[in-house]
Amino acid sequence: MPSTVRGVIARSKGADVEIVDVVVPDPGAGEAVVSIEACGVCHTDLHYREGGINDEFPFLLGHEAAGTVEAVGEGVTEVAPGDFVVLNWRAVCGQCRACAKGEPWYCFATHNATQKMTLSDGTELSPALGIGAFVEKTLVAAGQCTKVDSAAAAEAAGLLGCGVMAGFGAAVNTGGVTRGDSVAVIGCGGVGNAAIAGAALAGATTVIAVDLDDRKLATARGFGATHTVNSGERDAVEAIQELTGGHGADVVVEAVGRPETYRQAFYARDLAGTVVLVGVPTPDMMVELPLLDIFGRGGALKSSWYGDCLPSRDFPMLIDLYRQGKFDLDAFVSERIGLDEVESAFERMHRGDVLRSVVVMK
């Protein structure tokens, strides 16, 4: 029988979120119902509320989550009831041209649940990133569930579902950071700090954190930054070059998603260095660079989709590192809140007061 549970929705553009009854159907073929234990409050949820993703209101918000599989539908073999899982928003198909080439992290046909969750009056909900996890239970495609060690704290593990994986993967998977590299990260929120932590774990010897907020720069030190630059007080490009022997960094991760910070990243890299864009721009943003500079500096300009991660490979690995004390996921959790505090968490996030607020269900 369908379940009726409490969840947080954005009913219209810019309106405060609401707690409502959400009807969750039994899982169909290839689907799973997951009892949510914890879900991070991510900027992407705020983008949904503000209409910055699309206009398919009402949205069931939340996507950065971990929980326990409650039921599965026909044909599901990936997970079983009782499994502790981290949810991901890119369930790979295994059949598209990217998957066929052995590059499933680029899957071009990712999928979500077929059935819709609804309001009690039958209004269909659009789940954020195909997940919708500010809710006591959610319906997802079974491929969106990645089984991990159940000894991991749910509020920490769930952060792999979006921001932490995006940042870590931007540095390690997309940027290819390795031992001895110099790395600069522009923007030290959750994604940027995850990139810093990933770069440090991969063996980078110089890790430069760049931000306008001294509070965020202090936090970045705790994740492994060896140097910090307040770009409101000095030129970021000059500072990065100075800290890398006048050359620029081997890898620069842009975790803001703005034209001006992308230009900084472009000119702050060494010749033949790599720029990785993981910050999410808005559709109206444009960047202009001299074509001769693009040609003359060589190297690579990359964008990072979800940290170019393969959840089945990367989530268990990062949870293992967390359990071994080598990757401090707990440090990303600024506060634990209830469902009724999501709106105020958006305000604290917007002010830069928190790294991650995490909704804890139980």
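The model shown is predicted, which means the values in this text are computed figures rather than measured ones.

Some remarks on the side chain of T274
Here T274 is to be found in strand β15 (residues 269-277). Discounting residues that sit within four places of it in the chain, T274 has contacts with D250, V251, V252, R269, A300 and K302.

Brief notes about the nonpolar core
By size, the foremost hydrophobic cluster in this structure holds 51 residues, and its most contacted members are I196 and L329. Sorting elements by how many residues they give to this core places helix α4 (residues 163-174) first, with 6 residues. Not counting residues up to four positions away in its chain, the partners in contact with L329 are A156, L159, L160, V164, I319 and Y322. Ranked by size, the runner-up nonpolar core spans 33 residues in total, among them L87, A133, L339 and V359.

Observations concerning the sheet that holds strand β1 (residues 3-10)
Reading across from one edge, β7-β2-β1-β4-β8 is the order of the 5 strands in this open sheet, with mixed pairing throughout. Every other strand in the sheet has two partners, leaving β7 (118-119) and β8 (126-127) as the edge strands with one partner each. Taken together, the 2 bridges between strand β4 (residues 59-60) and β8 define a ladder with parallel strand orientation. Within β8, the residue paired with F59 across the bridge is S126.

What counts, and where the lines are drawn
Residues take numbers from 1 onward in each chain, read along the sequence in its written order. The predicted origin of the model limits local features to residues at a pLDDT of at least 70 and limits the giving and counting of side-chain atom pairs to 80 or more, whereas totals for whole chains, interfaces and linings rest on all residues. Only hydrogens and water are set aside when side-chain values are computed; all heavy atoms of the structure are taken into account. The way it works is that DSSP assigns letters per residue, a run of H or I at least four long becomes a helix, a run of E at least two long becomes a strand, and they are numbered from the N terminus. The criterion used for residue contact is that any of the two residues' heavy atoms lie within 4.5 Å. Throughout this description, the term nonpolar core refers to a set of buried Ala, Val, Leu, Ile, Met, Phe, Trp, Tyr and Cys residues connected via side-chain atoms within 4.5 Å. Here the term buried applies to any residue with accessible area under 20% of the maximum for its type, exposed to any over 50%, and partly exposed to those in between, with areas from a 1.4 Å probe on protein chains only. At least two bridges found by DSSP between two strands are what make those strands a pair.

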